[in-house]
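Structure at a glance
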Amino acid sequence: MSSPESGSYDATEAAPHGKPRAIEWPLWEVFIRGQHGLSHRHVGSLHAADAQSAIKNARDVYTRRNEGVSIWVVEASAIAASRPEEKGPLYDPSNDKVYRHPTFFDIPDDVGAM
Amino acid sequence: MYAQMIKSTGKGVKSLDEMDPEERAFQERINAGGKIEPKDWMPEGYRKTLIRQIGQHAHSEIVGQLPEGNWITRAPTLERKAILLAKVQDEAGHGLYLYCAAETLGVSRDQLTRDLLTGKMKYSSIFNYPTLTWADMGAVGWLVDGAAIMNQVPLQRTSYGPYARAMVRICKEESFHQRQGFDIMMKMANGTQAQREMAQDALNRFWYPSLMMFGPSDAESVHSAQSMAWKIKMNTNDELRQKFVDQTVPQAEYLGLKIPDEHLKWNEDRGSYDFSEPDWDEFFDVLQGNGPCSRDRMEARNKAWDDGRWVREGLLAHAQKKRSRNMAAE
């Protein structure tokens, strides 16, 4: 399973993660929507020369057991990802806003279901 | 196990107090059951050991297609043939998931492939044994995939996120593999006298190589100790081997087949079977590339890579041509 958050390949053949070197096929991230109307979900990745063959390969690799009804592929190098060191600034501010959760409010039982 | 004798740093496990703050935070996260993701800071040794381990595992899946591919054209029925094809196709998928997981650590799939083809990286010793009869398809599924599952189930909890996620998918599919193998064994064991003998012969030949899959005892290994501290190895080789024997012996009894070990005996005190160790000299010899099929396997992989070159390059050239036409049209 790949992850678009990966770093670049090793220094001997430096290239950003997923970017093809001379004769390598680029890396594609694969997203599949399952049977039950849920959103597409990242399932893994694969190499392919172009988008069309990436979809064909994704069908062969990731939907052999009725896993999905729709496939998206995107070149891994085209995905922007947040950085682990941004975790604090990005997510901490929501921690002290407990009132965003419905359980914050005490509603008397007499009011009934809400 | 599909990864054997994986070398780690070789330096032994540091205590938390000996670590610098970055490494200590990393280790504490692993100790608490947290996952490490590709962009997180990680010790160089962790990264390198994982590339070796995941790479060897991936190579094993790919080379592992060969002994079974050998029987696709000669499967006894169309149904068996379709099932075997599906299984071998799964192995290719497993290789792919694992190469992708290794790629997140900064090595490309083609680089790993080159390391396999030049013999720099290894694959599991088990795939250097020949598959001589149809019963071997049963034995491989039942024993070889059974042994692989022993190791892969705990690895679903490994500390490296992409590796753990690949393992979840693989385990689901391996369960199909082991069952189809046992199904072949049941058919053979309940068949004619000749079929029963064939099944027994397959068990005789694959028993000890299957025990070798877990690797020699690593209770004293500094490499394994480090890998276990990092949670990229979850159990010792001996633990997994024992578990495999305890699970498999009753299954052999069910089939009416005899495990080829005169010292095999239930040990009431331990609640486990006592059994004979495989011949470790043979294991090291096979690992050195002197297995019965070692040369064949490497030749087959090299040939596939060389013969596929025009396809790889042709498709890439076609993709580039289309891209430049699209750009010209815009």
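The structure this text deals with has already been given above.
Report follows, based on the coordinates. Predicted model, so just to flag it, every value in this text is computed and none were measured.

Cut-off values and rules
- Here the residue numbers are simple positions, counted from 1 along each chain's written sequence.
- Each chain takes a letter, starting from A, and each ligand takes a number, starting from 1, following the order in which they are written.
- In view of the model being predicted, local features appear only for residues whose pLDDT reaches at least 70, and side-chain atom pairs are presented and counted only at 80 or more, with totals across whole chains, interfaces and linings using the full set of residues.
- Computation of side-chain values: all heavy atoms of the structure, hydrogens and water removed.
- Helix and strand definitions follow DSSP, with helices as H or I runs of at least four residues and strands as E runs of at least two, each counted in order from the N terminus.
- Computation of the radius of gyration draws on C-alpha atoms, with the globule rule given as 2.2 Å multiplied by the number of residues to the power 0.38.
- Classification of residues uses two cut-offs on accessible area relative to the type maximum, computed with a 1.4 Å probe and protein chains only: under 20% is buried, over 50% is exposed, and between them is partly exposed.
- For the purposes of this section, nonpolar cores are sets of buried Ala, Val, Leu, Ile, Met, Phe, Trp, Tyr and Cys residues that join through side-chain atoms within 4.5 Å.
- Note on contacts: a residue pair qualifies if any of its non-hydrogen atoms lie within 4.5 Å across the two residues.
- The patches described consist of residues with a relative accessible area above 30% and no salt bridge, like charges being joined within 9 Å and nonpolar side chains (Val, Leu, Ile, Met, Phe, Trp, Tyr) within 5 Å.
- Areas reported here follow the Shrake-Rupley algorithm with a probe of radius 1.4 Å; residue values treat only the protein chains shown as occluding.
- By convention in these notes, a salt bridge is any Lys or Arg side-chain nitrogen within 4 Å of a carboxyl oxygen on Asp or Glu.
- Axis lines are fitted to C-alpha atoms, over the contacting stretch for helices. Their N-to-C directions set the angle, which ranges from 0 to 180 degrees.
- By the definition adopted for this analysis, an angle is roughly parallel if under 35 degrees, roughly antiparallel if over 145, roughly perpendicular if from 65 to 115, and oblique otherwise.
- The handedness criterion is simple: a crossing whose near helix is rotated anticlockwise from the far helix by less than a right angle is left-handed, and one whose near helix is rotated clockwise is right-handed.
- Throughout this entry, Asp, Glu, Lys and Arg are counted as charged residues, while Ala, Val, Leu, Ile, Met, Phe, Trp, Tyr, Cys and Pro are counted as nonpolar. The remaining residues, Gly among them, count as polar.

It is worth spelling out the overall build of chain B at this point. Regarding its fold elements, chain B presents 13 helices and two strands. At 21 Å, chain B has a C-alpha radius of gyration in line with the 20 Å of a compact globule built from 330 residues. Taking the principal axes of its C-alpha atoms as reference, chain B extends roughly 70 × 60 × 35 Å. Looking at the 330 residues of chain B, the share that counts as buried comes to 55%.

The subject of this paragraph is the nonpolar core. One finds Trp134, Trp142, Val144 and Phe244 of chain B to be the most contacted residues of the largest nonpolar core, which totals 46 residues. Every element with two or more residues in this core is listed here: α4 (78-103), α6 (135-155), α7 (161-189), α8 (193-212) and α10 (237-255) of chain B. The element that contributes the greatest number of residues to this core is α6 of chain B, accounting for 10 residues. Once you skip the residues sitting within four places of it in the chain, valine 144 of chain B turns out to touch Tyr2, Ile126, Phe127, Ala139, Phe206, Ser210 and Met213 of chain B. Judged by nonpolar contacts, the second largest core, of 42 residues, contains Leu46 of chain A together with Ile62, Ala102 and Leu155 of chain B.

Bringing a nonpolar patch on the surface into the picture now. Residue and element names in this part refer to chain A. Together, Val98, Tyr99, Phe104, Phe105, Ile107, Val111 and Met114 line one region of the surface with nonpolar side chains, adding up to about 760 Å² of accessible area. Relative to the elements of secondary structure, phenylalanine 104 occurs in the segment after α2 (87-91). According to the relative accessible area criterion, phenylalanine 104 is partly exposed, its value standing at 44%.

All right, on to the packing of helix α5 (residues 109-117) of chain B against helix α12 (residues 294-307) of chain B then. Residues and elements named next belong to chain B. The N-to-C vectors of α5 and α12 enclose an angle of 140 degrees; their axes lie 10 Å apart at closest approach. Classified by the angle between their axes, α5 and α12 sit oblique to one another. Both α5 and α12 take part in a crossing whose hand is left-handed. In this structure, α5 contributes Asp110, Thr113, Leu116 and Leu117 to the contact, and α12 contributes Met298, Arg301, Asn302 and Trp305. Per-class residue counts for the contact of α5 with α12 are four nonpolar, two polar and two charged.

The quantities given are spatial measurements derived from coordinates; they are silent on function.
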